[in-house]
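# Coordinate inspection notes
Each chain, letter by letter, is given below.
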Protein chains: 2
Amino acid sequence: MNIGIVGLGLIGGSIALDLRSRGFDVFGVSSRQQTCDRAQEIGVVSEASIHLSDMAAADLIFICTPLEAIEPIVQKLIPHLSADTILTDVGSVKTPIVKAVSCLWQNFVGGHPMAGTTESGIEAAVRDLFVGRPYVVTPTAETPAHSVEQVEEIARLLGASVYRCGPEEHDRAVAWISHLPIMASATLVAACDREGDRDIVNLAQHLASSGFRDTSRVGGGNPELGVMVAKYNRVELLRSLSIYRDSLDELIGDIETENWQALEQKLKLTQQARENYNL
Amino acid sequence: MNIGIVGLGLIGGSIALDLRSRGFDVFGVSSRQQTCDRAQEIGVVSEASIHLSDMAAADLIFICTPLEAIEPIVQKLIPHLSADTILTDVGSVKTPIVKAVSCLWQNFVGGHPMAGTTESGIEAAVRDLFVGRPYVVTPTAETPAHSVEQVEEIARLLGASVYRCGPEEHDRAVAWISHLPIMASATLVAACDREGDRDIVNLAQHLASSGFRDTSRVGGGNPELGVMVAKYNRVELLRSLSIYRDSLDELIGDIETENWQALEQKLKLTQQARENYNL
């Protein structure tokens, strides 16, 4: 089977590396010639070019571009595909992507390999990035079953744990565990930044330790990524933020009214609930 | 100089270990005979007893009990002290402690060594726990200067970086970097726990990764500790929570109105602001 990868960054490059090492022919496309040259040089792909037309021979194509580029890329790619070519993507939000791309190409399987590093770009591509990580596949009722199975088989070859659900379920679940944490964490830093007394700010910056470091980490991440998930998963993110605000108001209420029993009960439930997560 | 330690847990035990190894006589008091026996057995203290009267020979006494026990312990301790005995504590909130204890004993220096592990109790005591960690000393205008210097000297002997500020400044700074993070983090888990669809909860629990793990960590910690900081640092915590809620409302507003430029600006400032913390 010939594999195509459009977008040779951390995710596309790492998928390419792993599949090449498992004996597949992997062909890459990047919009930049320099990336193509480098990808061939370090052996991430068998061949690479800047022309989507070179994807004609691929049986399964991974679209590994940022979210906003997926639909336009598929539109340009379609003239070069045979009807049984399977398309899949690796975007971190699924409902709008699956809705848009399924209309363009019936043989599309939405996917989300949940792995990464703090690095990006082709130089960041590594082997075994997906081993033991979740790989969510989000077919609709219309997605051809054999295409879903094909993508899941490749995901398992990468060593990932495959989860299958609808695009809406995916987006609601990742709003909770990925997108809401970014916003709650960013708000922590934004709030601290509003302290008007510079002596307090200076002292706080020196006293900050692992608790602040961990709680603020994802909020201090890539701003473009934060905006992108807010744009694409807006409805689910707003829903989770609204529930978060209600929970916050209740907690503030307990402290205002000195209802220590209620606060302790909340923190006990929190401690227990967290143990159910696969952390 | 004779050192007394009241409360032989992680902090008291670790201070004792370090000071013994630097040649001080360290006498410990615990309310439980078993803890006294164990502290002597593992060499944390030179001697230990359950009687506060045995603190009479100490020149400097560290009160290393939970916050709520500090004032009652000092009341019981006073009849056994000579006027030049220096008292200090290690409580994580300072204003109410300094206010209460300074009235009882003039020679009291509030302190907060900011170190710990996830363990507790005498068995958790370790050497060099305070090396490179902040040790905040919070005198008032009435605190005798030589007593402040004495406590700071010992803090430096432990390898800590000493910060001196008023109790109110300490409490405002730690509200930002320690107590607010606990509440923002706990609220994340509490909000997720309100998702009504069990399939989504199950999926979210499986997909949760390092972002959720880090952001929820301090919120999933010891509930008694969370209630204690809320009780003792209530005013400053409420102030920081109120500013946090305002910041959250603004961020939600940006997403609701699709003001992506404003959101990106916020997240960029957040990313920059976080770099000023000593993490």
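Up top is the structure these notes are about.
Here is a short report on the structure shown in this document. Quick caveat: nothing in here was measured; it's all calculated off a predicted structure.

What counts, and at which threshold
Residues numbered from 1 in each chain as written. Chains lettered and ligands numbered in written order. Predicted model: local features only at pLDDT ≥ 70, side-chain atom pairs only at ≥ 80, totals over all residues. Heavy atoms only, no water. Contact = heavy atoms within 4.5 Å. Buried area = accessible area lost by both parts, 1.4 Å probe. Salt bridge = Lys/Arg side-chain N within 4 Å of Asp/Glu carboxyl O. Polar contact = N/O pair within 3.5 Å; in protein donor to acceptor, adjacent residues only side chain to side chain. Helix = DSSP H or I, 4+ residues; strand = E, 2+ residues; numbered from the N terminus. Buried < 20%, exposed > 50% of the residue type's maximum accessible area, 1.4 Å probe, protein only. Core = buried A, V, L, I, M, F, W, Y, C linked by side-chain atoms within 4.5 Å. Pairing = 2+ DSSP bridges. Axes fitted to C-alpha atoms, helices over the stretch in contact; angles between N-to-C directions. Least-squares fit on C-alpha atoms with pLDDT ≥ 70 in both. Right-handed = clockwise from strand over helix to strand, strands pointing away. Patch = residues over 30% accessible without salt bridge, like charges linked within 9 Å, V, L, I, M, F, W, Y side chains within 5 Å. Areas by Shrake-Rupley, 256 points an atom, 1.4 Å probe, with all protein chains shown as cover. Lys, Arg positive; Asp, Glu negative; His and termini not counted. Charge placed at Lys NZ, Arg CZ, Asp CG, Glu CD. Arc of directions from axis to C-beta.

## Some points on the interface of chain B and chain A
With 86 residues of chain B at the contact, the number on the chain A side is 86 residues. Interface area for chain B against chain A, summed over the two sides, is near 8,700 Å², with a carbon-plus-sulfur share of 69%. One can count ten salt bridges joining chain B with chain A. Residues Arg-245 of chain B and Asp-249 of chain A are paired through a salt bridge, measuring 2.5 Å at the closest nitrogen-oxygen approach. Summed over the shared surface of chain B and chain A, the result is 29 residue pairs in polar contact (both at pLDDT 80 or more). Where the side of chain B that touches chain A is concerned, the elements lending two or more residues are β7 (134-138), α6 (167-192), α7 (198-207), α8 (210-216), α9 (223-232), α10 (234-256) and α11 (260-274) of chain B.

## Some words on the pattern of salt bridges
According to the stated counting rule, one finds 30 salt bridges over all chains in the structure shown. A salt bridge links Glu-236 of chain A to Arg-172 of chain A, with the nearest nitrogen and oxygen atoms 2.8 Å apart. Of the two residues, Glu-236 of chain A sits in helix α10 (residues 234-256) while Arg-172 of chain A sits in helix α6 (residues 167-192), which places them 64 residues apart along the sequence. The class of Glu-236 of chain A is buried, set by a relative accessible area of 14%. Sharing partners across several salt bridges, the network here consists of Arg-194 of chain A together with Glu-250, Asp-254 and Lys-266 of chain B.

## Focus: the nonpolar core
Ranked by size, the top nonpolar core spans 76 residues in total, and within it Ile-255 of chain A together with Ile-177 and Ile-255 of chain B carry the most contacts. With near-sequence residues (within four places) excluded, Ile-255 of chain A lies in contact with Trp-260 and Leu-263 of chain A together with Met-183, Ala-230, Arg-234, Leu-237, Leu-238 and Leu-241 of chain B. Core analysis: the next-biggest nonpolar cluster, separate from the first, contains 36 residues, Ile-5, Ala-16, Phe-24 and Ile-122 of chain B among them.

## What about the sheet that holds strand β5 (residues 86-89) of chain A?
Residues and elements named next belong to chain A. Strand order across the open sheet formed by eight strands is β3-β2-β1-β4-β5-β6-β7-β8, with mixed pairing between neighbours. Each end of this open sheet is capped by a strand with a single partner; those strands are β3 (47-49) and β8 (161-164). For this sheet, the mean angle separating the axes of adjacent strands, direction not counted, is 25°. Here strand β2 (residues 25-29) pairs with β3 via three bridges, running parallel. Bridge assignment links Val-29 to a residue of β3, and that residue is Ser-49. Packed onto the sheet, helix α1 (residues 10-21) meets β1 (2-6), β2, β4 (60-63) and β6 (108-113) and runs at close to 165° relative to β1. Strands in contact with helix α5 (residues 145-157) are β1, β4, β5, β6, β7 (134-138) and β8; relative to β8, the strand with the most contacts, it is inclined by about 155°.

## Things to note about the relation of the copies chain B and chain A
For the match of chain B to chain A, the screw axis carries a shift of 0.0 Å, the RMSD comes to 0.0 Å, and the turn is 180°. A rotation of that kind, with that shift, is consistent with a two-fold axis. When each C-alpha of chain B is compared by its distance to the rotation axis, Thr-215 of chain B comes out closest, at 2.1 Å. Counting the interface residues of chain B, we find that 100% of their copies in chain A are interface residues as well, pointing to one common contact surface.

## Observations regarding the sheet that holds strand β3 (residues 47-49) of chain B
Residue and element names in this part refer to chain B. Here we have eight strands laid out as an open sheet, ordered β3-β2-β1-β4-β5-β6-β7-β8, and mixed in their pairing. Two strands close off the open sheet at either side, each with one partner strand: β3 and β8 (161-164). Direction aside, neighbouring strands of the sheet carry axes that sit 25° apart on average. Sheet analysis places strand β1 (residues 2-6) next to strand β2 (residues 25-29), joined by five bridges and oriented parallel. Looking across to β2, one finds that Ile-5 is bridged to Gly-28.

## Examining the pairing of strand β5 (residues 86-89) of chain B
Residues and elements named next belong to chain B. Residues Ile-86 and Thr-88 of β5 are buried on one face, and the alternating residues Leu-87 and Asp-89, pointing to the opposite face, are buried as well. Of the pairings in the sheet, the one linking strand β4 (residues 60-63) to β5 comprises four bridges and is parallel in character. Counterpart to Ile-63 in the pairing with β5 is Asp-89. Note on the crossover from β4 through helix α3 (residues 67-77) to β5: the handedness is right-handed. Direction of pairing for β5 relative to strand β6 (residues 108-113): parallel, over a ladder of two bridges. If you follow Thr-88 over to β6, its bridge partner there is Val-109. Tracing the backbone out of β5, into helix α4 (residues 95-104) and back to the parallel element β6 gives a crossover that is right-handed.

## Brief notes about α7 of chain B
Here α7 of chain B has its buried residues at Ile-200, Val-201, Leu-203, Ala-204, Gln-205 and Leu-207 of chain B. Those residues of α7 of chain B hidden inside the fold are in contact with β7, β8 and α6 of chain A. Capping the start of α7 of chain B, Asp-197 of chain B holds a side-chain oxygen 2.9 Å from the backbone nitrogen of Asp-199 of chain B, two or three residues further along.

## Here we look at a negative patch on the surface
A cluster of acidic residues, Glu-168 and Glu-169 of chain A together with Asp-197 and Asp-199 of chain B, forms a negative patch on the protein surface. Summarising the element assignment, Glu-168 of chain A is placed in helix α6. In this structure Glu-168 of chain A comes out as partly exposed when scored by relative accessible area, which is 44%.

## A short note on helix α2 (residues 33-41) of chain A
All names here are of chain A. Within the span of α2, buried status applies to Thr-35, Cys-36 and Ala-39. Seen end-on, α2 carries its buried residues on one side only, within an arc spanning 100°. Of the exposed residues in α2, the ones pointing more than 90 degrees away from its buried face are Gln-34 and Glu-41. Elements in contact with the buried residues of α2: β3.

## Some remarks on the environment of Val-136 of chain B
Along the chain, Val-136 of chain B falls in strand β7. Judged by relative accessible area, Val-136 of chain B falls into the buried class, the value being 0%. Considering only alpha carbons, one finds Val-136 of chain B and Lys-94 of chain B, 42 residues apart in sequence, at a separation of 9.8 Å. Discounting residues that sit within four places of it in the chain, Val-136 of chain B has contacts with Leu-207 of chain A together with Gly-110, Gly-111, His-112, Met-114, Tyr-163, Cys-165 and His-170 of chain B.

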